[in-house]
Amino acid sequence: MGYNQNWYWIDEDCGSRKGYVCHRTLTQPVHCDESNGWTEQFQNCYYTSTKWMTFDDAQEYCTRYDSNLMDVVDEEEQMFLSELVQEARGSFWIGYKSVGGPDDFKWTSGHGTGYEHWGTNEPSMDSDEECTQVIYQSTSSGNWSTSDCFWRRKFICEKPTGKTAIA
Ligand SMILES: [Ca+2]
């Protein structure tokens, strides 16, 4: 590749001699700390808490381990979550919090694709229910439901392994 007089890219004979620039990513891939309860899936590490905490305390706990409360970006990750909840037989916080009404939820991770998996009549914003739990039901676990952020619940942390990073 070369440049023309306006600094636009132009194609050139690959045999011509040029200077070059290399790039590498310095961030080391994260290895999920399996001996402390983290598991690897979809190039992410997930941690299922054994403690019950308020939403904000749970997020703070995840932050301490360079992670955030779990975000759910697609159907595949939702199925993984549903199975996890079914197995644990309990409800969990995920990192989806309302920042301005029922149509304005944001992930604490800052990620997200717009994917949602609300249960029937959700998200309901009754009595300050601004945080999102994933509920256990004996028949069909995994639906999302809003909840008062001050309830103590178990929670799931997530962080990327960085193993797919190309940039
Ligand atoms: Ca995720």
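What this report covers is the structure whose coordinates are included nearby. Numbering of residues starts from 1 in every chain and runs along the sequence as written. Restriction of local features to residues with pLDDT of at least 70 applies here, the model being predicted, together with a cutoff of 80 or more for giving and counting side-chain atom pairs; totals for whole chains, interfaces and linings are based on all residues.

### Details of unusual backbone geometry
Right, so step 1: In this structure, the amide linkage connecting Glu122 to the following residue, Pro123, adopts the cis form with an omega of 0 degrees.
Right, so step 2: Strands here mean DSSP runs of E at least two residues long; helices mean DSSP runs of H or I at least four residues long; both are numbered from the N terminus. Relative to the assigned elements, Pro123 resides in the loop between strand S7 (105-107) and strand S8 (131-134).
Right, so step 3: For Phe42, which is not glycine, the phi torsion reads 50 degrees and is therefore positive.
Right, so step 4: In this fold, Phe42 is placed in the loop between strand S3 (38-41) and strand S4 (44-48).
Right, so step 5: Positive phi is not limited to glycine here, since Arg89 has a value of about 55 degrees.
Right, so step 6: Among the structural elements, Arg89 can be located in the loop between helix H2 (75-88) and strand S6 (92-98).
Right, so step 7: Under the C-beta neighbour-count criterion, Arg89 is labelled exposed, with 10 such atoms within 10 Å. Exposure criterion: with C-beta atoms placed from backbone coordinates, a residue whose C-beta has 20 or more other C-beta atoms within 10 Å is buried, one with 12 or fewer is exposed, and one in between is partly exposed.

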